[in-house]
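Coordinates in review
Residue-level listing of the chains:
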Protein chains: 2
Amino acid sequence: MLKEERQKFILDQVHLHHRVLLNDLSESLNVSIDTVRRDVKELAKDRKLKKVHGGATSFGFMNFRKDEGNVYLQSKKIAIAEKTVSLLSEGQVILMSGGTTNMEVAKMIPKKMALTVFTPSLHVAMELLELPEVEVIFLGGKLLHDAKFAVGGTVVNSLSQLRVDLCILGTGYLDAEFGLTEFDWEVIQVKQAMIRAAKKTVILSVSDKLHSVQKYKTCDMSAVDVLVTELDPANELLDAFRPFHLQLI
Amino acid sequence: MLKEERQKFILDQVHLHHRVLLNDLSESLNVSIDTVRRDVKELAKDRKLKKVHGGATSFGFMNFRKDEGNVYLQSKKIAIAEKTVSLLSEGQVILMSGGTTNMEVAKMIPKKMALTVFTPSLHVAMELLELPEVEVIFLGGKLLHDAKFAVGGTVVNSLSQLRVDLCILGTGYLDAEFGLTEFDWEVIQVKQAMIRAAKKTVILSVSDKLHSVQKYKTCDMSAVDVLVTELDPANELLDAFRPFHLQLI
DNA sequence: ATAATTCTTGCATGATCTTGCAGCATTTGC
DNA sequence: GCAAATGCTGCAAGATCATGCAAGAATTAT
């Protein structure tokens, strides 16, 4: 692996997670910690990231607000949100999961568009309430502290009584072979119920999360109808997903 | 965990709660109190927060939240919230309605107190999720755009399956003769269901709202067990409520 | 093609940073 | 004023960092 690739990987990680540990980098790159240290030092000299004891952070890490995200990722998410909104049409009844990408979608829905949206995400609900023509129905249940997301039997139960047009799932980990995966067992129960409740399933994913796998599986790729990324649909990174009967935008 | 992450966490807490205790930080971060002390000292040197004996505060703690309207009213609400929190005890299951006063209550609940709280208010749920020991269950339903409050049959139905220790109702209009009133029909359905679901009903009201009446009636004063105002319980403004079997604090 | 040079990488060493603890000073609440 | 809580300092163990060095890879000069 070239030095350049390594440094790009390091930068990507920093942009994605806002902070990295030298040890983790050393392990995932299969190089000594010294090499990583030197790379980070170099990147820090070029002001590409900020070096701290034991790792590195993105600039503005301290002022970083959860709801703002960083510019690098943010632009990708906005691109995804724009494409996603184009899938919506007046009067539809849809389901939206949580995650920052879905929040962007909510922000980007036209002010005059009438929709009915069910969601188990506090943040998404909050955004949707800014739109006067959108009827927002919260799928109540036990809330997860970190994700601000309702899970549990109540949510799944409510979902089992629905049959909606569209289900928009954000922030999952995606892999052509293993399908859609998550790291939280309770969340996948809800997402599975969401998929069951909808005629059509749309997955939003920034390209960083393609080809990454987590512990628990939400569904196969075959259950997905549309995959939205920030990439051009012709991009080679998406080749692995072409064998499935899904729309790439 | 990186030092930067710790310091960011501390700053976030300070911004959120306007004051933190070193002990709480030490516990939630799983580091010694000395480390927290050093971090706070460092942040204080950078003028990111203000260090005080036993903890830290945000700058301008005294005049905080001028942007959220009336400081005068705010201080009353904080006084009410303090009294209300004293009614709570470990392990209780409670209901909380919406409103800014209830948000203050949520902010003032001790970090270590374990509670289970049901609420139909997005804002209150949001605040409660900052408390690690509080289990938050959102009562899902159609959300009102302005109040960010869930109403409708789903909410009432969920409530009919509950029997909790305490119900805390904020922002109502109160009159000794006409009882508790509201201006929104859907909201009173929910509040009535909340009262029915609880063994004990607590009403929070700033004194400005005493002796004012709105269109729809939630309940009689006789249904109220505790009335919390910012006033001294002996204040003559409360005389009208003394004939009822309720606790004034 | 071969040799010299430069670059890169991993390892060893000692320096520096971080963190928790113990002992004593200071502040706070009663 | 007293007891308890909080704060400060120095110290020690462990982690992290900087530096020099050597072996191998890539590049350049001859």
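Residues numbered from 1 in each chain as written. Chains lettered and ligands numbered in written order. Predicted model: local features only at pLDDT ≥ 70, side-chain atom pairs only at ≥ 80, totals over all residues. Heavy atoms only, no water.

On to the pattern of salt bridges. Enumeration over the complete set of coordinates arrives at 21 salt bridges over all chains. For Arg242 of chain A, the salt bridge identified is with Asp239 of chain A, shortest N-O distance 2.9 Å. Asp12 of chain B is the partner of Lys8 of chain B in a salt bridge, and the nearest nitrogen-oxygen pair spans 3.0 Å. Linking Lys8 of chain B with Asp12 of chain B, this pair stays in helix H1 (residues 3-17), spanning 4 residues, or about one helical turn. The class of Lys8 of chain B is buried, set by a relative accessible area of 10%. (Salt bridge = Lys/Arg side-chain N within 4 Å of Asp/Glu carboxyl O. Helix = DSSP H or I, 4+ residues; strand = E, 2+ residues; numbered from the N terminus. Buried < 20%, exposed > 50% of the residue type's maximum accessible area, 1.4 Å probe, protein only.)

Residue and element names in this part refer to chain B. Reading across the sheet, the 3 strands line up as E1-E3-E2 and stay open at both edges, with antiparallel pairing between neighbours. Of all the strands in the sheet, the pair left with one neighbour each is strand E1 (19-21) and strand E2 (50-52). Adjacent strand axes in the sheet meet at a mean angle of 25° when their direction is disregarded. Strand direction decides the pairing type here: E2 and strand E3 (residues 55-57), joined by 3 bridges, are antiparallel. By the bridge assignment, Lys50 is partnered in E3 with Thr57. The sheet strands contacting helix H2 (residues 22-29) are E1, E2 and E3, and the helix crosses E1 at an angle near 70°. (Pairing = 2+ DSSP bridges. Axes fitted to C-alpha atoms, helices over the stretch in contact; angles between N-to-C directions. Contact = heavy atoms within 4.5 Å.)

Moving on: the protein's contact with DNA strand C. Around DNA strand C, 16 residues are found, and the nearest of them are Arg6 and Thr35 of chain A together with Arg6, Thr35 and Arg38 of chain B. Put simply, 55% of the atoms of DNA strand C that lie within 4 Å of the protein are in sugar or phosphate. Arg6 of chain A is positioned with one of its side-chain polar atoms (N or O) 2.5 Å from a phosphate oxygen of DNA strand C. Contact between DNA strand C and Arg38 of chain A: a base nitrogen at 2.7 Å from a side-chain N or O atom of the residue. Considering only residue class, the surface near DNA strand C consists of 2 nonpolar, 6 polar and 8 charged. (Near = heavy atom within 4 Å. Polar contact = N/O pair within 3.5 Å; in protein donor to acceptor, adjacent residues only side chain to side chain. Nonpolar A, V, L, I, M, F, W, Y, C, P; charged D, E, K, R; others polar.)

Attention now goes to the packing of aromatic side chains. Tallied over the full model, the rule gives 4 aromatic pairs over all chains. For the pair Phe138 of chain A and Phe138 of chain B, a centre-to-centre distance of 4.2 Å together with 50° between the ring planes defines the contact as tilted. Of this pair, Phe138 of chain A sits in strand E6 (residues 134-138) while Phe138 of chain B is found in strand E6 (residues 134-138), placing the two residues in two different chains. The pair formed by Phe138 of chain A and Phe138 of chain B is uniform in burial state, with each residue classed as buried. With centroids separated by 5.4 Å and ring planes inclined at 70°, the aromatic side chains of Trp185 of chain A and Tyr216 of chain A adopt a geometry described as edge-to-face. Residue Trp185 of chain A is found in helix H8 (residues 185-197), and its partner Tyr216 of chain A is found in strand E13 (residues 216-219); the two are separated by 31 residues along the sequence. Judged by its relative accessible area of 48%, Trp185 of chain A falls in the partly exposed class. For Tyr216 of chain A, a relative accessible area of 28% puts it in the partly exposed group. (Phe/Tyr/Trp six-rings, centres within 6.5 Å; stacked < 30°, edge-to-face > 60°.)

This brings us to the protein's contact with DNA strand D. Surveying the vicinity of DNA strand D reveals 17 residues, the closest of which are Arg37 and Gly54 of chain A together with Arg37, His53 and Gly54 of chain B. Protein-adjacent atoms of DNA strand D, using a 4 Å cutoff, are sugar or phosphate at a proportion of 88%. Here Arg37 of chain A contributes a side-chain N or O atom positioned 2.2 Å from a phosphate oxygen of DNA strand D. Lys51 of chain B is positioned with one of its side-chain polar atoms (N or O) 3.0 Å from a phosphate oxygen of DNA strand D. Those elements that place two or more of their residues in the surface near DNA strand D are helix H2 (22-29), helix H3 (33-45) and strand E2 (50-52) of chain A together with H2, helix H3 (33-45) and E2 of chain B. No other element matches the 3 residues that H3 of chain A contributes to the surface near DNA strand D. When the residues that make up the surface near DNA strand D are grouped by side-chain class, the tally is 4 nonpolar, 6 polar and 7 charged.

This brings us to the pairing of strand E12 (residues 198-204) of chain B. Residues in a regular strand project their side chains so that they alternate between the two faces of the sheet. Residue and element names in this part refer to chain B. The buried fraction of E12 amounts to 5 of the 7 residues, a majority that puts the element mostly inside the structure. Here strand E9 (residues 164-169) pairs with E12 via 5 bridges, running parallel. Bridge pairing in E12 places Leu169 opposite Ile203. Summarising the sheet, E12 and strand E14 (residues 226-228) pair through 3 bridges and their orientation is parallel. Bridge pairing in E14 links Leu204 to Val228.

Turning our attention to the interface of chain B and chain A. Each partner contributes to the interface: chain B provides 29 residues, whereas chain A provides 33 residues. For the pair chain B and chain A, the summed buried area comes to about 2,600 Å², and 68% of that belongs to carbon and sulfur atoms. Contact with chain A buries area across many residues of chain B, yet Leu2, Leu129 and His145 of chain B alone supply 24% of it, more than any other trio. Across the chain B-chain A interface, the total number found is 3 salt bridges. Glu130 of chain A serves as the salt-bridge partner of Lys148 of chain B, at 3.8 Å between the closest nitrogen and oxygen. At the junction of chain B and chain A, the tally comes to 9 residue pairs in polar contact (both at pLDDT 80 or more). Elements supplying a minimum of two residues to the side of chain B that touches chain A: H1, helix H6 (122-128), E6 and strand E7 (142-143) of chain B. In terms of residues, the side of chain B that touches chain A owes the most to one element, H1 of chain B, which gives 6 residues. (Buried area = accessible area lost by both parts, 1.4 Å probe.)

Here we come to the pairing of E6 of chain A. Among the 5 residues of E6 of chain A, 4 are classified as buried, and the element is accordingly described as predominantly covered. For the handedness criterion, the β-α-β arrangement of strand E5 (residues 115-119) of chain A, helix H6 (residues 122-128) of chain A and E6 of chain A is classed as right-handed. (Right-handed = clockwise from strand over helix to strand, strands pointing away.)

Residue and element names in this part refer to chain A. Taken together, Arg37, Arg38, Lys41, Lys45 and Lys51 make up a surface patch of like positive charges. Of all the elements, H3 adds the most residues to the positive patch, at 4 residues. Its place among the elements puts Arg37 in helix H3. (Patch = residues over 30% accessible without salt bridge, like charges linked within 9 Å, V, L, I, M, F, W, Y side chains within 5 Å. Areas by Shrake-Rupley, 256 points an atom, 1.4 Å probe, with all protein chains shown as cover. Lys, Arg positive; Asp, Glu negative; His and termini not counted. Charge placed at Lys NZ, Arg CZ, Asp CG, Glu CD.)

Domain annotation of chain A identifies domain 1 (3-57) and domain 2 (71-248). On a C-alpha basis, the centroid separation for the pair domain 1 of chain A and domain 2 of chain A is 31 Å. (Domains from an automatic or database assignment.)

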